[in-house]
Amino acid sequence: MRYRRLRDRIVETLLLVAGLVAVFTTLAIVAVLLYESMAFFAHVSIVEFMTGTMWTPLFADAHYGILPLVAGTLTTTLVALLVAVPLGITIAIYLSEFAPHRVRETVKPILELLGAVPTVVYGYFALTMVTPALRVLMPELPGFNMLSAGLVIGLMIVPYVSSLSEDAMRAVPRYMREGSYAMGATRLQTALRVVVPGAFSGLAAAFILGISRAVGETMVVAIAAGMQPNFTFDPREPAATITAYIVQVSLGDLPHGSIGYQSIFAAGLVLVLMTLVFNVVGFFLTRRFREAY
Amino acid sequence: MVTMEGMRRDLARREVLDRIFVLTGLVVMLACLMILAVLFIDLVRDGWERFSWDFFTHFASRHAERAGILAAWVGTTLIMAVTAICAVPIGVAAAIYLEEYAPKNWMTAIIEINVTNLAGVPSIIFGLLALGLFVYQFDLGQSIAAAGLTLALLILPIVIVATREAIRAVPKAIREAAYGLGATRWEVTKDHVLPYSTGGILTGMILGLSRAIGETAPIITIGALSFIAFLPESPFKSEFPFISFDWLNDPFTAMPIQMFNWISRPDQAFQANAAAAGAILLGMTLIMNGVAIWIRYRFRKKINW
């Protein structure tokens, strides 16, 4: 009995340590980003970093304005959302309110495969299929552009948005729908006026997750958007995002401790802060619109 | 005034809208599914000429038609081994802790928040973490070990969440029966909870690994090489002790890195190689996901509490 109790104690401690790995990972991410960024900001003024419109850290004539990378990131994210939100919501409403049980159970896992496709494969798709297809409509479109990268990222996050939205809509209690039907509403009216507002907090959470994915997506933009930091919000132009810049620098052979090496950590810090802002906004949105049944 | 006739017309109009929506929903859904098919067919068609035994047994080369993915698939296999060996035990242990042991206090809350947060951290940030911590601080260098550990941290939340769900599905009554017979908490977990949740745990593990296999950004960041014409040290030796871990320290490339490298070459001939590598990569991911879905389905059907 003593032995068994001792063994239980040891096991519990080991399990706790495993649980703490997640905490240490978060701490390590924050520590590494802050440590290297601090070294970066010892050379570069924060004002220049936040307001400069030129990003050329690896050139002889170095400029350290992050705005072009932020603009690229926001533009591709916006294009992605313009695809993912309407498609995702339509699929979610269809699956949750209209589709027969069997269809839902079959389609959902297959849709989730869209989100499992390796992003480098999506990059190839954007570059060799989507861009040439867009060029038929827009002959002026350059080979690298944010539009096709954004469209493909949008497609990739459709399953995240639709799956979470569907879960949220299914959580709306049945009697609310029944009340609506009893008033003479059709399925579509019930879906749009009762279920969607009722599930709003869940839908907001789904969009926020979609935004986070789009902001952090790397390979599609690195392959299809070109890697030229370009201060523009026009999706038809080539540009670099924060993530694409990090990849570009990592592909070269930058010496450890150089300013170029530190710059990717500063860029990474901005990326983390951006996702954090979206998550906080999402948190408050969800709280603000939480429906109590 | 509202007449019967008017109401009927109104209802008919609204029902048409319903039907239009059903059609839209179906079209949108099918379009998304079609794209998956188009993606796969396109890759296979573009890379068709390159599928051959030689493609698997040759190193990368400056000549597109002689280049193969030998170093890439060996690298991917070894990295996945490290990832699985690290992520699965830690992830399952963490999940057991959170489901079976954790008291409701601030420490548990912090762990839970961290797991959720890690799932939302962009993958390239894990690359930066690994570059600063594993490559330079722990001095692992740009090695298979560093890559495997990085991906292990990346998929940890997936394994934890899936395992927790599987554990939660085991009914309370089973635990209570075991406790009633005098089993300790660990005995209940080891002999009852874990065996009954194997299906869910396997599903999580496969989903995690299928995510890791396609991840490109974090291992580019730690410095995967895109041109490697040698294999890592073999893990099996002819003399005692027959097993060697030297390969952990070797530089590496992986399937997605190899594909990315071929895509970025201006020479058109390499695009076929990229497509062929992509088709293989996509095929592996789809098979792994299919297996995961199948396991989930089978275990759900088999178990009758």
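Quick caveat: nothing in here was measured; it's all calculated off a predicted structure. (Residues numbered from 1 in each chain as written. Chains lettered and ligands numbered in written order. Predicted model: local features only at pLDDT ≥ 70, side-chain atom pairs only at ≥ 80, totals over all residues. Heavy atoms only, no water.)

Looking only at helices and strands, chain B has 12 helices and zero strands in total. Taken from the N to the C terminus, the helices and strands of chain B come in the order α-α-α-α-α-α-α-α-α-α-α-α. Among the 305 residues that make up chain B, the fraction classed as buried is 50%. Contacts in chain B between residues far apart in sequence, at least 24 positions, make up 75% of those at least 6 positions apart. Accessible surface computed for chain B: about 14800 Å², of which carbon and sulfur atoms make up 66%. (Helix = DSSP H or I, 4+ residues; strand = E, 2+ residues; numbered from the N terminus. Buried < 20%, exposed > 50% of the residue type's maximum accessible area, 1.4 Å probe, protein only. Contact = heavy atoms within 4.5 Å. Areas by Shrake-Rupley, 256 points an atom, 1.4 Å probe, with all protein chains shown as cover.)

Our focus in this paragraph is the UniProt feature "transmembrane region" (unreviewed entry) in chain A. Residues and elements named next belong to chain A. Per the UniProt record, the feature "transmembrane region" (unreviewed entry) sits at residues 12–35, 66–95, 107–127, 147–169, 190–211 and 264–285. Counted over residues 66–95, helix gives 97% and strand 0%. Its end C-alpha atoms are 42 Å apart. Overall, residues 190–211 shows 95% helix and 0% strand. The separation of its end C-alpha atoms is 28 Å. (UniProt positions renumbered as here; feature names shortened; annotations may be inferred.)

Right, let's get into the packing of aromatic side chains. Throughout the structure, instances matching the rule amount to eight aromatic pairs over all chains. Taken together, a centroid distance of 5.2 Å and an interplanar angle of 55 degrees make the contact between Y261 of chain A and F265 of chain A tilted. One end of the pair is Y261 of chain A and the other is F265 of chain A, both in helix α12 (residues 259–288) and four residues apart, which spans about a single turn. For the pair formed by Y261 of chain A and F265 of chain A, the shared burial category is buried. Ring centres of F134 of chain B and F138 of chain B lie 5.9 Å apart, and the angle between their planes is 45 degrees; this geometry places the pair in the tilted category. Classification of F134 of chain B as buried rests on a relative accessible area of 7%. What makes F138 of chain B partly exposed here is its relative accessible area of 49%. Here the aromatic cluster, defined as three or more aromatic residues joined through ring pairs, consists of F40, F41 and Y64 of chain A. (Phe/Tyr/Trp six-rings, centres within 6.5 Å; stacked < 30°, edge-to-face > 60°.)

Let's shift gears to the nonpolar core. The biggest cluster of nonpolar side chains holds 181 residues, and the ones touching the most others in it are V121, Y122 and I242 of chain A. Here the element with the most residues in this core is helix α3 (residues 70–101) of chain B; it accounts for 18 residues. What V121 of chain A contacts, discounting residues up to four positions off in sequence, is L39, L43, M259, G278, L281 and L282 of chain B. (Core = buried A, V, L, I, M, F, W, Y, C linked by side-chain atoms within 4.5 Å.)

This paragraph deals with the domain arrangement of chain A. Residue and element names in this part refer to chain A. Structurally, chain A comprises domain 1 (1–42) and domain 2 (66–288). Each of domain 1 and domain 2 was reduced to a C-alpha centroid, and the two centroids are 31 Å apart. Counting residues at the interface gives seven residues for domain 1 and 10 residues for domain 2. Surface buried jointly by domain 1 and domain 2 totals about 770 Å² across both partners, of which 80% is contributed by carbon and sulfur atoms. Of all residues in domain 1, L33, E36 and F40 bury the most surface against domain 2, accounting for 68% of the area lost on that side. At the junction of domain 1 with domain 2, the criterion picks out zero salt bridges. Across the domain 1-domain 2 interface, the total number found is one residue pair in polar contact (both at pLDDT 80 or more). (Domains from an automatic or database assignment. Buried area = accessible area lost by both parts, 1.4 Å probe. Salt bridge = Lys/Arg side-chain N within 4 Å of Asp/Glu carboxyl O. Polar contact = N/O pair within 3.5 Å; in protein donor to acceptor, adjacent residues only side chain to side chain.)

Within this numbering scheme, the UniProt entry marks residues 70–282 of chain A as carrying the feature "domain: ABC transmembrane type-1" (unreviewed entry). Secondary structure across residues 70–282 of chain A comprises 78% helix and 0% strand; the distance between its end C-alpha atoms is 20 Å.

The subject of this paragraph is the environment of G210 of chain A. Residues and elements named next belong to chain A. Assignment of secondary structure puts G210 in helix α9 (residues 200–216). According to the relative accessible area criterion, G210 is buried, its value standing at 0%. Residues G210 and S96, 114 residues apart in the sequence, show an inter-C-alpha distance of 19 Å. Residue contacts for G210: discarding those within four places in its chain leaves L81, I157 and V161.

In the numbering adopted here, UniProt assigns the feature "transmembrane region" (unreviewed entry) to residues 20–41, 70–98, 118–138, 144–162, 212–231 and 274–295 of chain B. The span residues 70–98 of chain B is 100% helical and 0% strand by assignment, and the distance between its end C-alpha atoms comes to 41 Å.

With that out of the way, let us pick up the confidence of the model for chain B. Residue and element names in this part refer to chain B. Of all residues in chain B, 89% have pLDDT values of 70 or greater, and the mean over the chain is 83. Within chain B, the lowest mean pLDDT, 71, falls on helix α2 (residues 53–57), and the highest, 91, falls on helix α6 (residues 144–168). On the interface metric, ipTM, the complex scores 0.88, and its pTM is 0.87. (pLDDT = per-residue confidence, 0-100.)

Roughly 590 Å³ of internal volume is contained in the second largest pocket. Forming the walls of the second largest pocket are 28 residues, and the residues nearest its centre are L127, F144 and I223 of chain A together with I263 and S264 of chain B. When residues in the lining of the second largest pocket are grouped by element, the largest group, six residues, is from helix α5 (residues 119–137) of chain A. (1 Å grid on protein atoms, 1.4 Å probe; cavity = no way out; pocket = protein on both sides within 12 Å on 5 of 7 lines; lining within 4 Å. Points joined across faces, edges and corners; volume = space filled by probe spheres on them.)

Before going further, it helps to spend a moment on the domain arrangement of chain B. Residues and elements named next belong to chain B. In terms of domains, chain B is made up of domain 1 (1–50) and domain 2 (53–301). Between the C-alpha centres of domain 1 and domain 2 the distance comes to 37 Å. Residue-level contacts link eight residues of domain 1 with 14 residues of domain 2. Summing both sides of the interface, domain 1 and domain 2 together bury roughly 820 Å²; the carbon and sulfur share of this comes to 74%. The interface formed by domain 1 and domain 2 includes zero salt bridges. Here domain 1 is connected to domain 2 by zero residue pairs in polar contact (both at pLDDT 80 or more). The residue makeup of the side of domain 1 that touches domain 2, split by class, is four nonpolar, one polar and three charged. (Nonpolar A, V, L, I, M, F, W, Y, C, P; charged D, E, K, R; others polar.)

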